[in-house]
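Report on the structure
Chain by chain, the residues:
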Amino acid sequence: MPYPKSPIRGLNLSGAARHDRHAMQQAVAARAKTEHLEIDAMQLESIDLLTGNAAAHLAPRHRSPGKKHVYLWGPPGRGKTWILGAFFDALPTERKLRVHFHDFFRDLHATAHKATTLALAQIDEPDSRGDAQGRADRVEARTSAIEQSIETMLGDVEVLCFDEFHCNDPGDAMLLARTVKYVIDRDILLVTTSNYPPEELLSDEYYHHLVLPTIATIREHMTVHELDAHRDYRSIEREAGQRSGFSSGTLLSSPDPGELQRLGLTAPHAADAVRLTPTSHEIQALRISGRQIWFGFADLCEALTSTLDYLALAREHDHWIISGVPGSGRMTPFGLRRLANVIDVLYDHQVRLDLFVEDGFTDSFDHLPELEAARLRSRINALDSGTAPTAARTTSLEGMHA
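A brief structural summary.

The rules behind the values
Residues numbered from 1 in each chain as written. Predicted model: local features only at pLDDT ≥ 70, side-chain atom pairs only at ≥ 80, totals over all residues. Heavy atoms only, no water. Pairing = 2+ DSSP bridges. Helix = DSSP H or I, 4+ residues; strand = E, 2+ residues; numbered from the N terminus. Axes fitted to C-alpha atoms, helices over the stretch in contact; angles between N-to-C directions. Contact = heavy atoms within 4.5 Å. Core = buried A, V, L, I, M, F, W, Y, C linked by side-chain atoms within 4.5 Å. Buried < 20%, exposed > 50% of the residue type's maximum accessible area, 1.4 Å probe, protein only. Expected span 1.5 Å × (residues − 1). Right-handed = clockwise from strand over helix to strand, strands pointing away. 1 Å grid on protein atoms, 1.4 Å probe; cavity = no way out; pocket = protein on both sides within 12 Å on 5 of 7 lines; lining within 4 Å. Points joined across faces, edges and corners; volume = space filled by probe spheres on them. Nonpolar A, V, L, I, M, F, W, Y, C, P; charged D, E, K, R; others polar.

**Brief notes about the sheet that holds strand β6 (residues 251–253)**
- Strand order in the open sheet formed by five strands is β6-β12-β11-β10-β9, with mixed pairing between adjacent strands. Strands at the two margins of the open sheet, each flanked by one partner only, are β6 and β9 (287–289). Strand-to-strand twist of the sheet, defined as the mean angle between neighbouring strand axes without regard to direction, takes the value 15°.
- One ladder, built from three bridges, connects β6 with strand β12 (residues 352–357); its direction is parallel. The residue of β12 that forms the bridge with Leu252 is Phe356.
- Helix α11 (residues 333–348) rests against β11 (319–325) and β12 of the sheet, and its axis sits at about 160° to β11.

Have a look at this one:
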């Protein structure tokens with residue numbers, strides 16, 4: 001279906017605001033030059049929108065941001081996350097927060113649960129069953145506890161940036177609505193990136209009605225802007241010297257010792273294995289060497305591990321190796337889901353990943369929802385599939401053996 005587009009509107013900026021917008025744009029351009037990136041016309045349009053709206057919002061005596069909030073969406077690999085990061089770093093304020101939406105909601109669920117438990121205990125109600133369920137005082141206590149949790153997490157920020165904004169779980173719909181309303185009501189500039197247009201949030205027809213109020217709020221208060229250059233920038237050729245972070249890693253099919261040696265690696269021995277407890281569950285790593293950590297797929301993705309574990313380990317280790325990733329015939333839905341979560345964390349935190357897979361690995365993506373499969377495919381496309389550390393190109397996954 002065609003979605004309504006919001007054109008880039010000219011802003012009547014003061015002299016100071018024009019200066020701030022220009023400074024932000026220059027900072028973004030300088031970062032692109034340093035990273036050997038060329039910004040295309042549609043990306044420039046998005047950068048103009050973000051920097052102009054932020055300059056207007058941060059200007060002295062600014063009015064309510066209104067349509068200055070930005071919902072930036074488009075297919076994976078179009079540069080949304082890079083643009084948001086460069087824009088965030090260029091913002092001329094310290095009262096700013098950028099967070100991956102998954103991380104924020106994980107923390108919000110935990111904080112809100114604790115606050116709600118304490119609030120309900122103070123009402124002196126033994127439980128919420130029977131006639132007591134839905135009582136006005138309990139509803140008010142829950143609402144207040146959730147707002148307090150959001151306030152605690154956001155503090156005094158004046159610009160909030162959410163990356164990978166989404167809603168796939170009906171249980172998140174209420175918290176999502178409360179969060180968006182809180183941010184807009186408090187005059188906090190909200191900027192989000194998403195793979196989904198607002199109308200496709202929580203697309204399951206049985207639960208979609210739960211997110212309709214949030215969609216209406218987004219359309220009323222935010223500029224919804226599509227970024228689609230019709231090209232996945234993670235799959236283009238890049239010189240080895242231009243690679244950094246996540247994209248400095250490799251994607252190889254069952255590498256032999258010679259291929260590992262060319263990467264400066266040797267296979268771990270049984271005596272190298274160590275057991276870790278990053279959060280609540282014990283995980284086996286095949287080897288740890290300084291900031292490098294090597295996992296077998298089964299130990300990391302078929303065990304009871306979680307995103308909390310991956311986040312904790314990503315803070316300690318900036319080079320990950322995952323070997324023994326099975327092809328579609330042996331891949332389980334749980335293993336694939338956990339691997340996708342691992343890759344999301346490593347990509348978002350720019351941790352190098354060397355991924356060693358069996359033939360037919362990409363066929364397993366058919367078990368994921370279409371957009372999630374597209375995001376996983378796009379992020380893996382950022383890895384070098386050459387067989388030497390100086391390989392100068394990134395090929396699409398379709399180029400690998402099925």
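**A short note on the sheet that holds strand β5 (residues 222–226)**
- With respect to topology, five strands assemble into an open sheet ordered β2-β3-β4-β1-β5, the strand pairing being parallel. With one partner strand each, in any of the chains shown, β2 (96–100) and β5 form the two edges of the open sheet. Taken over all neighbouring pairs, the strand axes of this sheet differ in orientation by 15° on average, direction set aside.
- As paired strands, strand β1 (residues 69–73) and β5 are joined by five bridges and run parallel to one another. Within the sheet, the bridge partner assigned to Trp73 lies in β5 and is Glu226.
- Helix-sheet contacts for helix α2 (residues 41–58) involve β1, β3 (159–163), β4 (189–194) and β5, and the interaxial angle to β5 is about 165°.

**A few points about the nonpolar core**
- One finds Trp320 and Leu355 to be the most contacted residues of the largest nonpolar core, which totals 38 residues.
- Ranked by the residues each element gives to this core, the list is headed by α11, at eight residues.
- Once residues lying within four places of it in the same chain are set aside, the contact partners of Trp320 are Ile293, Phe295, Leu300, Tyr310, Leu313, Ala314, Val342, Leu346, Val351, Arg352, Leu353 and Asp354.
- Among the nonpolar cores identified, the runner-up in size contains 33 residues, and Phe104, Ile146, Tyr196 and Leu201 belong to it.

**Things to note about α11**
- Its 16 residues place the ends of α11 23 Å apart at the C-alpha level, agreeing with the 22 Å of an ideal helix rising 1.5 Å per residue.
- Those residues of α11 lying buried are Gly335, Leu336, Arg338, Leu339, Ala340, Val342, Ile343, Asp344, Val345, Leu346 and Tyr347.
- Elements in contact with the buried residues of α11: α9 (297–301), α10 (307–316), β11, β12 and α12 (370–381).
- Taken from the residues just after α11, Gln350 is the one with a positive phi, measuring 50°.

**Quick word on the pairing of β12**
- Among the six residues that make up β12, five are buried, leaving the element largely enclosed by the rest of the structure.
- One ladder, built from five bridges, connects β11 with β12; its direction is parallel. When the sheet's bridge partners are listed, Trp320 is paired in β12 with Leu353.
- Taken together, β11, α11 and β12 form a β-α-β motif whose crossover is right-handed.

**Observations regarding the environment of Asp103**
- Within the secondary structure, Asp103 is located in helix α4 (residues 101–122).
- We classify Asp103 as buried; its relative accessible area is 13%.
- Taking the C-alpha atoms as reference points, Asp103 and Thr307, separated by 204 residues in sequence, lie 8.7 Å from one another.
- If we ignore the near neighbours within four places in the chain, the residues touching Asp103 are Leu311 and His349.

**Some remarks on the layout of surface pockets**
- One number sums up the size of the second largest pocket: a volume of about 580 Å³.
- Around the second largest pocket, the lining is made up of 26 residues, and of these His102, His166, Asn168, Arg337 and Asn341 lie nearest the centre.
- Elements supplying a minimum of two residues to the lining of the second largest pocket: α4, α10, α11 and α12.
- When the residues that make up the lining of the second largest pocket are grouped by side-chain class, the tally is eight nonpolar, eight polar and ten charged.

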